[in-house]
There are 2 protein chains.
Amino acid sequence: MPITVVLVEPKYPENIGAAARACANFGVRNLRVVSPRVMDWERILTMATRVGEEVAKDLKVFDSLNDALSDCNYVVGSTARLGAHRKVHKTLREVACDVASYSVNNRVALVFGNEKWGLTNEQLYMCHDVFTIPTEGGSSLNVAQAVVVTLYEVYQAASQVALPKPQVATVEEQELMYSKIKQVCEAVDFVPHNNTVLWMTSIKRLLAKTELTSKEVKIIVGFCRKLLRALNNLKNPNGH
Amino acid sequence: MPITVVLVEPKYPENIGAAARACANFGVRNLRVVSPRVMDWERILTMATRVGEEVAKDLKVFDSLNDALSDCNYVVGSTARLGAHRKVHKTLREVACDVASYSVNNRVALVFGNEKWGLTNEQLYMCHDVFTIPTEGGSSLNVAQAVVVTLYEVYQAASQVALPKPQVATVEEQELMYSKIKQVCEAVDFVPHNNTVLWMTSIKRLLAKTELTSKEVKIIVGFCRKLLRALNNLKNPNGH
């Protein structure tokens, strides 16, 4: 499956190895790791076993989540915590169909957070959709367990894709758009000063539903640029 | 969920611990281990973490799979190998509904084999149904990964149980019945001499579909006893 698994700041090399094995089992070739605490190849390869060895050896390490996602088109994050601000209203099964439908024409990234604190709000901002794996009470899965369960469910859904989603803009193109949208919002004082990330997350989740293509993103960026110039001219009528 | 996870001859204590954590996550309290190679509690509890600590500490160790299953009613085995003789025609998703439906009124056992060779034919004989987790190509999941994926799927199915299955006979009661059936078959020379286990497995899988209750099992046992006595009398007309 043309899916990329992204582990953010994993603490234990064993979890990287176990994730590689899980990837191999469900036909996922791309594993990316953002700022791992330790890259102990012996511990990684022991858990990867021969099944996951190739995926493990081909994994790419990045310094930031943003870099790891720049060539991806659709980003889905996993979280165990369901705070009101996290805007998580979907289960794994509910997002699996979308993930499978996108994966036909897009590079989909599945993002998993650190063992201890999961994904931060800044990391969740990078996600177009977020899901949780339903568990009993206050329990929580290990990150490697979350990876294998997620890939299993997506693999099942992939065998039943009816209508693949169109190719959408890459994260790099989208981020330029969101930065322009943010500038416009700021120019008209429409951004809450205390919680910019959550505010921008809401806007991203809303726009993600429209499945914007590269061309549409460029139109929005152009429109924002025009708007910003016009606003600037109004503020400084003698400035140009 | 009133489900029992049974690990047969696990090699690594880490897998026992990871299975305990998986159980806790999906509301499964009963973990049984048959002839583990090592019972290293430190390694078990490290992988169980605080989430799975209680399940791990409450686990029961057995000398034989038969003993581990005697009070269970419905037994389902996991296998990665799909040899023609293994009679595995179902995926995890296909058996998950049955497992969930049985678990309302029965003690269901989910059986997972050794890391290296999985479940042997003798161990598969103990199963009323067998499933495989679909993976890519020749890959195979680690036993702990198989446990977490299986419990996830059953947990999903359990939330949608429409009609629970009736309580069926225990494995102990059933095994008495199968031994009597085997005796009858042998008495009329109806058992292939070279492959008794596979032959009895076919009979078990067939009868399992009829969801036999304790009472029905007793009727069949009584009938077999009558038959055996009659056959014996025919063979030795002067024997009684």
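Quick summary incoming for the structure in this document. (Residues numbered from 1 in each chain as written. Chains lettered and ligands numbered in written order. Predicted model: local features only at pLDDT ≥ 70, side-chain atom pairs only at ≥ 80, totals over all residues. Heavy atoms only, no water.)

Attention shifts here to the interface of chain A and chain B. Where the parts come together, the accessible area they lose is often given as the size of the interface. Counting residues at the interface gives 25 residues for chain A and 25 residues for chain B. The largest per-residue losses of area from chain A upon contact with chain B belong to Asn25(A), Arg93(A) and Tyr152(A), which jointly make up 25% of the total buried on that side. One can count two salt bridges joining chain A with chain B. Our enumeration of links across chain A and chain B arrives at 18 residue pairs in polar contact (both at pLDDT 80 or more). Counting only elements with at least two residues in the side of chain A that touches chain B, the list comes to helix 1 (13-25), helix 4 (92-105) and helix 6 (143-158) of chain A. Looking at which element gives the most residues to the side of chain A that touches chain B, the answer is helix 6 of chain A, with seven residues. (Contact = heavy atoms within 4.5 Å. Buried area = accessible area lost by both parts, 1.4 Å probe. Salt bridge = Lys/Arg side-chain N within 4 Å of Asp/Glu carboxyl O. Polar contact = N/O pair within 3.5 Å; in protein donor to acceptor, adjacent residues only side chain to side chain. Helix = DSSP H or I, 4+ residues; strand = E, 2+ residues; numbered from the N terminus.)

Attention now goes to the relation of the copies chain A and chain B. Taken as rigid bodies, chain A and chain B are interconverted by a rotation of 180 degrees and an axial shift of 0.0 Å, the fit giving an RMSD of 0.0 Å. Both copies of the chain, as the preceding transformation shows, are related through a two-fold rotation axis. Among all C-alpha atoms of chain A, that of Val149(A) lies closest to the rotation axis, at 2.6 Å. Comparing contact sets, 100% of the residues at the interface of chain A also lie at the interface in chain B, consistent with an isologous, same-surface contact. (Least-squares fit on C-alpha atoms with pLDDT ≥ 70 in both.)

Glancing now at the packing of helix 1 (residues 13-25) of chain B against helix 2 (residues 41-57) of chain B. Residues and elements named next belong to chain B. Taken N-terminus to C-terminus, the directions of helix 1 and helix 2 make an angle of 25 degrees; their axes are 7 Å apart at the nearest point. With respect to helix 2, the element helix 1 is oriented roughly parallel. You can see that helix 1 and helix 2 cross each other, and the crossing is left-handed. Residues Pro13, Glu14, Ile16, Gly17, Ala18, Ala20, Arg21, Cys23, Ala24 and Asn25 of helix 1 pack against Arg43, Ile44, Met47, Ala48, Thr49, Val51, Gly52, Val55 and Ala56 of helix 2. Of the residues that constitute the contact of helix 1 with helix 2, the class distribution is 12 nonpolar, four polar and three charged. (Axes fitted to C-alpha atoms, helices over the stretch in contact; angles between N-to-C directions. Parallel < 35°, antiparallel > 145°, perpendicular 65-115°, else oblique. Left-handed = near helix turned anticlockwise from the far one by under 90°. Nonpolar A, V, L, I, M, F, W, Y, C, P; charged D, E, K, R; others polar.)

Attention shifts here to unusual backbone geometry. Residue and element names in this part refer to chain A. The residue glutamate 9 is not glycine, and still its phi comes out positive at about 45 degrees. Note on placement: glutamate 9 falls in the loop between strand 1 (3-8) and helix 1. A positive phi angle is found at serine 35, which is not glycine, with a value near 40 degrees. Within the secondary structure layout, serine 35 lies in the loop between strand 2 (30-34) and helix 2 (41-57).

Once that is clear, we can look at the side chain of Arg21(A). Here Arg21(A) lies in helix 1. Although buried, Arg21(A) forms no salt bridge, and the nearest oppositely charged side chain, Glu115(B), lies 9.0 Å from it. Beyond its immediate sequence surroundings of up to four residues, Arg21(A) is in contact with Met47(A), Ala48(A), Thr49(A), Val51(A), Gly52(A), Ser140(B), Leu141(B), Asn142(B) and Gln145(B). (Buried < 20%, exposed > 50% of the residue type's maximum accessible area, 1.4 Å probe, protein only. Lys, Arg positive; Asp, Glu negative; His and termini not counted.)

Time to look at the environment of Ala100(A). Residues and elements named next belong to chain A. You can see alanine 100 is positioned in helix 4. What makes alanine 100 buried here is its relative accessible area of 1%. If sequence neighbours within four positions are ignored, alanine 100 has contacts with Val154, Ala157, Ala158 and Val161.

This part is about the sheet that holds strand 4 (residues 74-78) of chain A. Residue and element names in this part refer to chain A. In spatial order, the strands read 3-2-1-5-4-6; together these six strands make up an open sheet with parallel pairing. Of all strands in the sheet, those bounded by a partner on one side alone are strand 3 (60-62) and strand 6 (129-131). The mean inter-strand angle of the sheet, taken between neighbouring strand axes irrespective of direction, is 25 degrees. With five bridges connecting them, strand 4 and strand 5 (residues 108-112) associate as parallel partners. (Pairing = 2+ DSSP bridges.)

On to the pattern of salt bridges, then. Applying the stated criterion to the full structure yields 21 salt bridges over all chains. With its nearest N and O atoms 2.8 Å apart, the salt bridge here joins Lys57(A) to Glu53(A). Taken together, the residues Lys57(A) and Glu53(A), both in helix 2 and four residues apart, mark about one turn of the helix. The shortest N-O distance in the salt bridge between Lys165(A) and Glu211(A) comes to 2.7 Å. Taken together, the residues span a long stretch of sequence, with Lys165(A) in the loop between helix 6 and helix 7 (171-187) and Glu211(A) in the loop between helix 8 (196-208) and helix 9 (214-235) at a distance of 46 residues. Salt bridges sharing common partners tie together Arg93(A), Glu153(A), Arg93(B) and Glu153(B).

The subject of this paragraph is the side chain of Asn15(B). All names here are of chain B. Counting through the fold element by element, asparagine 15 comes out in helix 1. Polar side-chain contacts of asparagine 15 include one of 3.5 Å to the side chain of asparagine 142. Discounting chain neighbours no more than four positions away, the residues touching asparagine 15 are Leu7, Glu115, Asn142, Val143 and Ala144.

Residue and element names in this part refer to chain A. Under the defined criterion, the tally for this structure stands at eight aromatic pairs over all chains. Seen in terms of ring centroids, tyrosine 74 and tyrosine 102 are 3.7 Å apart; in terms of plane orientation they differ by 15 degrees. Their pairing is stacked. Of this pair, tyrosine 74 sits in strand 4 while tyrosine 102 sits in helix 4, and the two are 28 residues apart along the sequence. Of the two residues, tyrosine 74 and tyrosine 102, both sit in the buried class. Pairwise contacts between aromatic rings join Phe26, Tyr152 and Tyr155 into one cluster. The ring of tyrosine 125 is capped by lysine 204, whose NZ or CZ atom sits 3.9 Å from the centre of that ring. (Phe/Tyr/Trp six-rings, centres within 6.5 Å; stacked < 30°, edge-to-face > 60°. Lys NZ or Arg CZ within 6 Å of the ring centre and 35° of its normal.)

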